[in-house]
Amino acid sequence: MKRINSTNDFVVKFANVNGSGSASANEIFARSILRMGVPVAPRNIFPSNIQGLPTWYEVRVTENGYQGRRGGVDLMVAMNPQTWDADVKEIEDGGYLFYDNTKPLPQSKFRADINVIGMPLTEICNSTYTDPRQRQLFKNIIYVGALSALLDIDPNEIERLFSEQYKGKEALLQSNVKALRLGRDYAQQHLGGPIGLKVKRADNVGDKIFIDGNSAAALGAVYGGATVCAWYPITPSSSLAEAFIKYCQKHRVDPADGKSKFAIVQAEDELASIGMVIGASWNGARAFTATSGPGISLMTEFIGLAYFAEIPAVIVDVQRGGPSTGMPTRTQQSDVLACAYASHGDTKHVLLFPEDPTECFEFTAKAFDLAERLQTPIFMMTDLDIGMNTRLCAPFKWDDKQTYDRGKIMTEQMLDTGRDFGRYLDVDGDGITYRTYPGTHATRGGYFTRGTTKNRYAGYSETGPDYVDNVQRLLRKFESAKKLVPAPLLYPADKPARFGAIFYGSTSPAMQEALDVLAERGIHVNALRVRSFPFQDEINDFVASHPWVFVIEQNRDAQLKTLLITEAKINASRLLSVLHYDGTPITARFIVDQISQHAAARTVVPLKKVVS
């Protein structure tokens with residue numbers, strides 16, 4: 001039978017039942033390979049209930065460092081009878097199926113073109129442990145031990161991870177080591193040793209770090225000067241606020257008196273949380289909230305207030321599947337339009353699109369500068385794939401000499417010189433006005449903050465000219481934002497390319513690999529990664545230089561494409577959508593297949609001359 005033979009380049013997928021304790025064991029498996037110097041890209045695909053439903057954990061072992069999903073599975077660890085048929089179907093021809101064969105299964109449950117490895121895991125656990133919970137938990141560690149033998153993973157690395165995880169808990173450490181060795185010994189004695197998939201020690205990790213996007217964004221908020229976080233728990237953003245709490249307890253406590261220099265409030269709902277953020281920001285603090293699509297829907301009225309009253313705010317939207325409750329534990333890029341135009345009336349908001357945890361850190365820190373410089377809400381558009389999955393990425397960098405950009409602040413000294421202060425008076429032509437902090441001056445610089453129409457001096461006004469003056473100025477400010485937000489990045493093909501591709505955010509890892517695969521097939525594509533909205537002129541220039549440009553995104557309605565057509569005035573006939581929206585992270589194979597089909601349909605083959 002055909003066997004896949006590959007070293008440091010394969011995909012392992014674990015199919016488990018949620019609540020079985022498998023997540024910790026599966027992560028240990030991934031981290032042990034990373035400790036051997038081989039890059040990995042793990043992804044946790046889990047249900048929204050507490051326990052009982054199927055869950056999957058996919059680990060891509062990739063010596064070349066690709067961090068996106070490849071597509072296909074080389075080794076399936078099938079621990080869930082509910083999903084057996086679908087799981088077996090995913091295995092590549094010549095791939096491997098590892099399962100618990102304590103109870104025999106009919107031959108119809110297998111495929112003739114895959115290699116089957118059965119191990120009586122339940123029988124081993126029942127004969128070793130008497131406690132039902134121990135039987136379940138250690139079953140996971142036992143199969144990790146067996147896999148370490150089958151894939152030639154150094155067991156010492158796994159044991160070192162155990163010692164770090166259970167430091168000071170000797171009983172737990174020893175019991176996990178025992179289970180690991182139990183599985184490894186059985187595999188070596190009964191399963192024939194290493195299979196065709198192997199892990200070989202390498203040195204391809206370098207100085208990269210292993211972190212999830214939510215933790216990275218939380219740390220970026222700390223470095224960006226945030227001292228206030230108001231939030232309401234919602235998957236998949238909750239761990240961001242929780243990480244911010246942890247970092248603040250470490251970095252925002254005065255060592256002299258032990259007092260906390262931060263305020264974190266779990267509000268009664270999303271509307272209250274954004275209200276608190278706006279109030280804190282109005283008062284001079286740097287404040288943010290973390291939420292997802294349903295939270296954005298509830299926040300829109302207050303977001304409109306911040307936009308029209310021109311109050312800084314940072315909103316981290318960790319996107320998930322929608323609409324309504326949608327798919328709470330699946331990933332999408334489906335809030336782009338909702339955030340770009342959040343609130344009723346004419347509004348346009350600044351959006352930032354990080355591609356990985358490194359940019360989550362950088363962009364979150366930058367978002368606070370942008371919010372104060374532009375005096376407006378700033379949206380950080382991450383998603384579940386970036387936020388909740390641990391990713392290998394470049395280490396974070398920070399210049400300790402960096403100072404915060406507080407924007408145009410009218411100080412007491414400036415007011416004392418007789419400077420004319422109009423809260424909504426544009427004196428520089430960039431659409432950005434001066435503001436004062438509350439209590440700046442005893443007699444000057446005060447104004448009434450309102451969400452209704454006003455004149456340049458914040459006085460109530462319902463006259464048409466005053467309204468038009470305000471909203472036109474807000475457009476000038478939005479135009480000024482183009483010079484401040486992250487510019488798009490160009491990835492030129494090695495050879496002349498007819499096609500272009502625009503992508504953003506979490507599509508980036510799979511897209512980078514897809515470009516390499518397409519080039520190997522002779523399909524050369526110039527690519528541009530959009531990192532922010534409003535769009536810069538480079539995007540128009542890029543589209544103009546190609547007859548067709550693919551727009552790759554993870555939603556049904558081509559939301560970025562819609563924004564490009566509406567806001568960048570790009571001809572819709574030049575844009576070809578590549579859409580993926582089943583809730584799983586997009587794969588390189590999907591992108592390659594879609595672009596290849598489009599390219600073939602637009603390749604003119606000359607007719608052969610028929611000689612009679």
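A brief report on the enclosed structure follows. (Residues numbered from 1 in each chain as written. Predicted model: local features only at pLDDT ≥ 70, side-chain atom pairs only at ≥ 80, totals over all residues. Heavy atoms only, no water.)

Quick word on the side chain of K408
Among the structural elements, K408 can be located in the loop between β16 (390-393) and α14 (412-416). Judged by its relative accessible area of 14%, K408 is buried. Reaching out from K408, the side chain makes a polar contact with the backbone oxygen of I432 at a distance of 2.9 Å. Other than its neighbours up to four places away in sequence, K408 contacts Q375, D428, D430, I432, T433, Y434 and R435. (Helix = DSSP H or I, 4+ residues; strand = E, 2+ residues; numbered from the N terminus. Buried < 20%, exposed > 50% of the residue type's maximum accessible area, 1.4 Å probe, protein only. Polar contact = N/O pair within 3.5 Å; in protein donor to acceptor, adjacent residues only side chain to side chain. Contact = heavy atoms within 4.5 Å.)

Describing the side chain of D87
Positionally, D87 belongs in helix α2 (residues 84-89). For D87, which is buried and forms no salt bridge, the nearest opposite charge comes from K13, at a distance of 5.6 Å. Ignoring anything within four residues of it in the chain, the contact list for D87 reads A15, W56, M76 and N80. (Lys, Arg positive; Asp, Glu negative; His and termini not counted. Salt bridge = Lys/Arg side-chain N within 4 Å of Asp/Glu carboxyl O.)

What to know about the sheet that holds strand β5 (residues 73-78)
Strand order across the open sheet formed by 6 strands is β3-β4-β2-β5-β6-β7, with mixed pairing between neighbours. Two strands lie at the open edges of the sheet, namely β3 (40-45) and β7 (115-119), each paired on one side alone. Pairwise comparison of adjacent strand axes, ignoring direction, gives a mean angle of 15° for this sheet. Two strands pair when backbone bridges link them, and strand β2 (residues 9-17) and β5 are joined in this way by 4 bridges, in the parallel orientation. Paired with F14 across the bridge in β5 is V77. (Pairing = 2+ DSSP bridges. Axes fitted to C-alpha atoms, helices over the stretch in contact; angles between N-to-C directions.)

Looking at the state of the cysteines
The final tally for this structure, using the stated rule, is 0 disulfides. In this structure C339 is not part of a disulfide, and its nearest cysteine sulfur, from C360, lies 15 Å away. (Disulfide = S-S within 2.5 Å.)

Concerning the sheet that holds strand β19 (residues 525-530)
The sheet built from 5 strands is open, its strands ordered β17-β19-β18-β21-β22 with mixed pairing. Strand pairing shows two members of the sheet lacking a second neighbour, β17 (489-491) and β22 (575-579), which therefore form its edges. Neighbour-to-neighbour, the strand axes of this sheet turn through a mean angle of 25°, independent of strand direction. Note: β17 against β19, 3 bridges, orientation antiparallel. The partner of Y491 across the bridge, within β19, is A527.

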